[in-house]
Each structure stands twice: as structure tokens, then as C-alpha cells.
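Listed here are the chains, written in short residue letters.
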Amino acid sequence: MTRDELDDPHDQDELYGRLKAYEGRTASSGGRGRDPVNEPMIRHWCEAMGDTNPAYPGIAPPTMLQAWTMAGLAGRPAGSARSNAYLELLALLDRAGCTSVVATDCEQEYLRPLRPGDQITFDAVIESVSPRKTTRLGSGHFVTTRMNVRAGDGGLVGTHRFRILKYAPATYTPPRTQSKPPTRADRPRRPRPVVNRDNAGFWEGVARHQLLIQRCLDCAAPRFPWLPGCGTCGSQRWEAVEASGDGTVFSYVVMHHPPFPAFDPPYAVGLIELAEGVRMISDITGVPYDKVRIGMPVQLEFLRVDDELELPVFRCAEV
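Residues numbered from 1 in each chain as written. Predicted model: local features only at pLDDT ≥ 70, side-chain atom pairs only at ≥ 80, totals over all residues. Heavy atoms only, no water.

1. Topic: the overall build of the chain
Right, so step 1: Secondary structure summary: the chain contains four helices and 14 strands in total.
Right, so step 2: The proportion of buried residues among the 319 residues of the chain is 35%.
Right, so step 3: In the chain, once contacts between residues fewer than 6 apart in sequence are set aside, the share between residues at least 24 apart is 64%.
Right, so step 4: Summed over its atoms, the accessible surface of the chain is roughly 18,300 Å², and 53% of this surface lies on carbon and sulfur atoms. (Helix = DSSP H or I, 4+ residues; strand = E, 2+ residues; numbered from the N terminus. Buried < 20%, exposed > 50% of the residue type's maximum accessible area, 1.4 Å probe, protein only. Contact = heavy atoms within 4.5 Å. Areas by Shrake-Rupley, 256 points an atom, 1.4 Å probe, with all protein chains shown as cover.)

Put into C-alpha cells, the structure is as follows:
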């Protein structure tokens with residue numbers, strides 16, 4: 001089956017039937033964590049996340065679940081590779097023109113805390129394959145795998161659902177008129193931020209050129225991104241306060257791939273630590289991507305992306 005044949009509804013039905021046949025089959029088996037649950041990794045995680053919960057490192061933070069199953073650069077030990085069924089499924093999608101892949105989301109369920117010394121084992125199953133979906137990236141199928149994570153006694157301690165989109169890339173046709181430089185209106189629009197009842201106040205502040213964070217009215221802990229409750233004391237009482245706009249680059253990545261029409265790679269995306277003690281993800285402006293460094297001071301500014309969208313970004317504050 002070729003990509004052109006995907007436009008035929010009968011071929012789509014035939015392909016989807018073949019894809020559905022893989023549901024319930026093994027995606028990987030025999031997985032074993034490279035290291036037992038251990039205090040050093042827990043401490044490193046907590047330091048990186050700024051988590052000072054006194055329960056750690058006596059137990060592992062639940063959201064570390066995937067850390068104990070990841071292969072690392074050396075790959076997985078023998079016996080825990082992807083199954084033939086999973087490789088066949090991906091190859092079938094490749095032959096249908098769905099040659100690109102993007103991770104879309106994951107879900108985790110925690111059944112009991114992990115403690116130092118626990119030895120992790122795991123396996124995975126192909127849980128579902130969606131009907132053909134059309135996205136801005138292109139048309140394809142969502143593939144969901146479910147990893148079952150067990151401790152040394154064989155008891156289930158958590159599950160990790162991981163979903164990817166295997167798709168045929170949509171083509172982007174640039175403006176035909178080349179006699180004049182492209183204008184803002186010629187460029188594809190950036191994705192719109194998701195605004196909901198929990199973060200609407202933040203975007204209202206952006207419209208006023210204010211960077212608003214939350215502060216708990218019971219324990220005074222600052223927080224960002226906006227959440228309905230305090231992660232430190234659990235209180236739901238809070239107030240919005242304006243951040244100074246001063247910060248430093250805590251970490252960053254340089255985006256090269258995949259290309260997206262609304263962006264011009266390579267570009268730097270930073271995790272900015274604000275003077276108020278919270279961190280936020282933002283574009284870094286005013287300096288070439290290869291000159292960004294950890295610890296670099298930055299200052300808030302507001303970038304007009306198009307006629308409808310303005311975003312808070314951070315400009316290098318060094319002279």
C-alpha cells in the first residue's frame with residue numbers, strides 16, 4: 001500500500017483492519033531496570049525538579065516511574081527489545097506512507113510507592129491503534145502501548161501508557177510570489193496556547209504585558225505553571241503576583257528537527273528560572289542559539305507573533 005492509496009476509503013479500511021489485528025499483542029517483554037531503585041538517583045531527580053518533599057529519598061517520587069525503565073545510551077539488556085509484532089506494526093505503517101513519528105502524550109498510574117532496593121521488571125503490550133486521523137502534521141494513526149511495571153516480588157507497581165502518532169507528513173507550499181520578502185501574514189500561524197479556567201488569569205496578564213505567577217495564601221510558596229492547588233501544602237487559596245521579569249537560563253535545548261513551518265530552526269528553547277524561584281519554558285531571544293549557556297541572565301520581553309498572539313519570551317541580558 002502506498003501513500004496515494006491511503007486516500008481510497010476501501011484501502012483505508014483494509015489497512016485499519018490489519019493494524020487492529022496487532023492490538024493486545026506483546027510490544028516488549030523481559031525488561032529489567034538497569035539499576036535498582038536507589039537514593040542517589042532520587043536525590044538527583046528531586047534536585048533537578050526542585051522537590052523538597054521530606055518523604056524522599058525514603059521512597060521514590062511516583063513520577064520517576066519511567067526513569068527506572070529507560071534504556072539509556074547503552075540500550076536495553078538482552079531479552080527486553082521491542083517484539084517482532086511491534087516492529088511489524090511500525091513497518092506496516094511505514095509502507096503505508098506513515099514514515100514520520102511524534103510522541104503525543106503519556107499517562108501513568110501509581111499503585112504503590114517504590115523504595116530503594118526495589119528491582120524493576122517490565123513488559124509492554126500494544127493496547128490500541130486508532131482509526132486514521134488527520135492533524136496539522138499530517139494523516140496517520142495513533143499507536144498506544146501500555147507498559148506494566150513490577151517490583152522484585154512480581155507485584156504490579158504502576159503502568160505507563162505511551163502514545164505516538166505515525167503519520168504521512170503534510171506538505172507545506174511556500175508563498176509563490178518571490179518578488180518581495182515574505183510578510184508576517186505570509187507565514188503559517190504558530191500553534192495557539194490552550195487557555196482554560198485554571199490558566200486564564202495568566203493569559204489575561206500577558207495581554208497587559210504582565211508576567212503573573214501564583215502565590216499560596218497559606219504557605220506563601222510561589223508556583224508556576226498555574227494550578228488550582230498548592231503543591232507544597234495543598235491549599236486552594238492563592239493570589240496572582242507580578243514577576244519582576246529577571247531570570248537565568250536553568251537549562252535549554254536547541255531545536256533542529258522536526259521542521260515546522262511556523263518556526264525557523266535551529267533555535268533555542270530555555271527553562272528559565274525566575275528571580276521569584278519558579279521556572280518556565282520560553283523562547284530565548286537576543287543571542288544566537290549557539291551562544292546560549294546555562295546561568296546566562298535574561299530579561300522578560302513580550303513578542304508579537306501575529307495579529308492575535310503575543311507571548312512572553314526572555315532576551316539575553318548580557319552586554
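2. Focus on the sheet that holds strand 7 (residues 212-216)
Right, so step 1: Here we have three strands laid out as an open sheet, ordered 8-7-9, and antiparallel in their pairing. On the outer flanks of this sheet lie strand 8 (222-223) and strand 9 (238-242), each paired with one strand and no other.
Right, so step 2: Two elements, strand 7 and strand 9, share five bridges in a ladder whose sense is antiparallel. Directly across from Q214, in strand 9, lies its bridge partner A240. (Pairing = 2+ DSSP bridges.)

3. Considerations on the side chain of N38
Right, so step 1: Note on placement: N38 falls in the loop between strand 1 (26-32) and helix 2 (39-49).
Right, so step 2: Engagement of the side chain of N38 in a polar contact is seen with the backbone oxygen of P36, the distance being 2.8 Å.
Right, so step 3: Excluding residues that lie within four positions of it along the chain, N38 makes contacts with W68 and P116. (Polar contact = N/O pair within 3.5 Å; in protein donor to acceptor, adjacent residues only side chain to side chain.)

4. Comments concerning unusual backbone geometry
Right, so step 1: Note that the residue after Y56, namely P57, is joined by a cis bond; omega there is 10 degrees.
Right, so step 2: Checked against the element boundaries, P57 lands in the loop between helix 2 and helix 3 (84-95).
Right, so step 3: In this structure, P266 follows P265 across a cis peptide bond, with omega equal to 0 degrees.
Right, so step 4: Located in the positive-phi region is A220, a residue other than glycine, with phi close to 70 degrees.

5. A few points about the side chain of S139
Right, so step 1: Relative to the helices and strands, S139 resides in strand 5 (residues 138-150).
Right, so step 2: Reaching out from S139, the side chain makes a polar contact with the side chain of T134 at a distance of 3.1 Å.
Right, so step 3: Excluding residues within four positions of it along the chain, S139 makes contact with C98, R132, K133, T134, Y167 and A168.

6. What to know about the environment of A103
Right, so step 1: Tracing the sequence through the fold places A103 in strand 2 (residues 100-110).
Right, so step 2: Taking the C-alpha atoms as reference points, A103 and V143, 40 residues apart in sequence, are found 9.7 Å from one another.
Right, so step 3: Residues contacting A103, with those up to four places away along its chain left out, are F162, R163 and I164.

7. Quick word on the pairing of strand 5
Right, so step 1: Buried residues dominate strand 5, accounting for ten of its 13 residues.
Right, so step 2: In terms of strand pairing, strand 4 (residues 133-134) meets strand 5 through two bridges, oriented antiparallel. Within strand 5, the position partnered with T134 by the bridge is S139.
Right, so step 3: Joining the antiparallel neighbours strand 4 and strand 5 is a turn of three residues.
Right, so step 4: The sheet contact formed by strand 5 and strand 6 (residues 156-169) spans 13 bridges and is antiparallel. Bridge pairing in strand 6 links V149 to G158.
Right, so step 5: Counted between consecutive antiparallel strands, the loop separating strand 5 from strand 6 contains five residues, among which G154 sits at a positive phi close to 90 degrees.

8. Considering the pattern of salt bridges
Right, so step 1: For the structure shown, the criterion picks out 19 salt bridges.
Right, so step 2: Residues D105 and R163 are paired through a salt bridge, measuring 2.3 Å at the closest nitrogen-oxygen approach. Placement of the pair is D105 in strand 2 and R163 in strand 6, with a sequence separation of 58 residues.
Right, so step 3: In this structure, the salt-bridge partner of D283 is R190, at a minimum N-O distance of 3.2 Å. (Salt bridge = Lys/Arg side-chain N within 4 Å of Asp/Glu carboxyl O.)

9. Notes on the sheet that holds strand 14 (residues 310-316)
Right, so step 1: Spatially, 10-11-12-14-13 is the arrangement adopted by the five strands of the closed barrel, whose pairing is mixed. Across the sheet, the mean angle separating the axes of adjacent strands is 50 degrees when strand polarity is ignored.
Right, so step 2: Looking at chain direction, strand 12 (residues 279-285) and strand 14 are connected through two bridges and run parallel. Bridge pairing in strand 14 places I284 opposite F314.
Right, so step 3: Strands strand 13 (297-304) and strand 14 of the sheet are contacted by helix 4 (residues 200-207), whose axis makes an angle of about 70 degrees with strand 14. (Axes fitted to C-alpha atoms, helices over the stretch in contact; angles between N-to-C directions.)

These results come straight from atomic positions and should not be treated as a statement about function.
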